[in-house]
Structures are given as structure tokens and as C-alpha cells.
Amino acid sequence: MIQRLFAPVTLALVLLFLIGPFLIIVAASFSAGDTLAFPPQGLSFKWILKVFTIESFRQSFVMSMFLAIGGTFAALLLGIPASYAMSRYTLPFAETVRTVVSAPIIVPGIIVGLALLRYFVVPTGMSITLALFLAHTALVLPYAVRVVSASLNNLRSDIEEAAVLLGSSRLGAFLRVVLPNIRGGILSAFILGFVTSFNQVPVSLFLSGPGVRTLPIDMIGYMEIVFDPSIAALSSLLAFLSIGIVFAAERFLGFSRYV
């Protein structure tokens, strides 16, 4: 009897630990008070509406979307051919390449950001926007390579070879046979890369500059000056945005059929 109760109670405690902070932030975003507090001081939508009136949030949101979408696309353009080459051919130093590509995940973000600023951006005089774009592309690339490689390893190579034997070129077989069969992996890599790039803080903190900041960095700067529930409201909107992206991918792109 005790063992039967232990599992549900443990599961409930784990879910409370994981979801509890999010529920607190959502509740605080509807507070009618002037300061961030829980439990909320009444119910109001004014802080959610205020988020859309803050100019710096709108500008930094556009920048974050540009970096997340553009950086993820660039990472996929580099990662898909690299994953295909390492999965289908025996290449020298393949393991070394995988280690180098995985370095942005292994090395702490604060070290990556400082190294890029000190030894890459400052000596070359690169613009902040370009530096952020390249940095986010490099951060997303490991996810693109790993996820797409897993999809390619699960795809039988003789299917592609059959297309070549039937008269298709190697490129045609890749475009018509391989890509459609790994689209689940590509979609997974895109979603994972998008969320990782959009929520990136340590690297963006070092590479942000006057007038060029991502939304998470702008939120940190805003909290240093103002302590109202608008940050909770914005955090809730971003969380629901991420959830909505996943549900939209499953509903309209058939995500559940491929993974």
C-alpha cells in the first residue's frame, strides 16, 4: 500500500518542483499591484498590455527573433551536409570534428562569450550584430549536427543507394529521398536551436552593445531599474510562445509522425 502511494506522491512533488516556479510567474503577471509579488495583489491585465508598449522590448524581441531564426537556419545549412558526410563516409579526423563542433556545449557560455569578445570581435572591429549572429550560429550548430546525425544513422543507406541505382544523381537522391526521411530530425533541430538561441544569456551578455541587445539581456537591464510585474508578464508570454511553437509543429507539420 505504501509503495503504491509513494510513486504518485513522488511524481506530484517532481511536477510541482518543475512547474511550480512557472505557475508562480504566470500568477504574478496578472497582479494588479505595482510591484512584483506573490500571491498577486488582485487580478489585472495591465502588465501584459504594458509589455507591448515598451519600445526597448519590441526592438530586442525583433533582434532575438532575427538571431534565433537566422542563426538556426545558418547552423542547419552547415550542420546537415556535415552530418551527412560524417554519417555516410569514413572521414579522417571525424571524431575530432565532432569534438570541435560540440565545444560550444561543453565549454561554459560565459567563457565562450568572453573569448569571442577578447580574441575575435575586438581585434577585427566586427559589428555587434554580425558578432551576435555568428556566435548564435556557432552555439546552435552542435544541436543541428547531433540531432540530424541521429536521424541519418536511423535511415538505412541502401534506400539512398536504390535511388542512385534507378538513375538518380547523388544530389537528387539526397534531395528527394534523404531529406524527406529526416525532416523530423531537421524540425527537431530547428526547434531546439531556436529555443536555445532565443534564451541565450551568457554569450549575448558579452557581445551586446549600445542599441543592440537581445530580449533576455534587455529584461535583465530592465529589472535593474524597475521591479514591476511586467517582467513576469513578458516571461509568461515567452514561455507560452515556446509551448505554442511545439504544439504548432506537431499540429500543422505532423511532428509526432516523424519523431
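Residues numbered from 1 in each chain as written. Predicted model: local features only at pLDDT ≥ 70, side-chain atom pairs only at ≥ 80, totals over all residues. Heavy atoms only, no water.

K.L.:
How should I be thinking about the nonpolar core in this particular structure?
P.N.:
One recurring pattern in soluble globular proteins: nonpolar side chains tend to sit buried together. The biggest cluster of nonpolar side chains holds 18 residues, and the ones touching the most others in it are L76, I80, V148, L152, V178, I182 and I186. Elements with a minimum of two residues in this core: α3 (55-88), α6 (128-153), α8 (170-181) and α9 (183-198). In terms of residue count, the dominant contributor to this core is α6 (six residues). The contacts of I186, once residues within four sequence positions are left out, are L76, I80, V148 and L179. (Core = buried A, V, L, I, M, F, W, Y, C linked by side-chain atoms within 4.5 Å. Buried < 20%, exposed > 50% of the residue type's maximum accessible area, 1.4 Å probe, protein only. Helix = DSSP H or I, 4+ residues; strand = E, 2+ residues; numbered from the N terminus. Contact = heavy atoms within 4.5 Å.)

K.L.:
For this particular structure, what's the right way to read the packing of aromatic side chains?
P.N.:
By convention here, two paired aromatic rings are described through the distance between centres and the angle between planes. Across all of its chains, the model carries nine aromatic pairs by this definition. Between the aromatic rings of F30 and F45, the centroid separation amounts to 5.3 Å while the plane-to-plane angle is 90°, which identifies the pairing as edge-to-face. Of this pair, F30 sits in the loop between α1 (2-29) and α2 (46-51) while F45 is found in the loop between α1 and α2, placing the two residues 15 residues apart along the sequence. On the accessibility criterion, F30 (26% relative accessible area) is partly exposed. Feature note: the residues F61, F73, F190, F194 and F198 constitute an aromatic cluster, connected by ring pairs. For the cation-ring pair, R118 lies above Y119, with the distance from its terminal atom to the ring centre recorded as 5.2 Å. (Phe/Tyr/Trp six-rings, centres within 6.5 Å; stacked < 30°, edge-to-face > 60°. Lys NZ or Arg CZ within 6 Å of the ring centre and 35° of its normal.)

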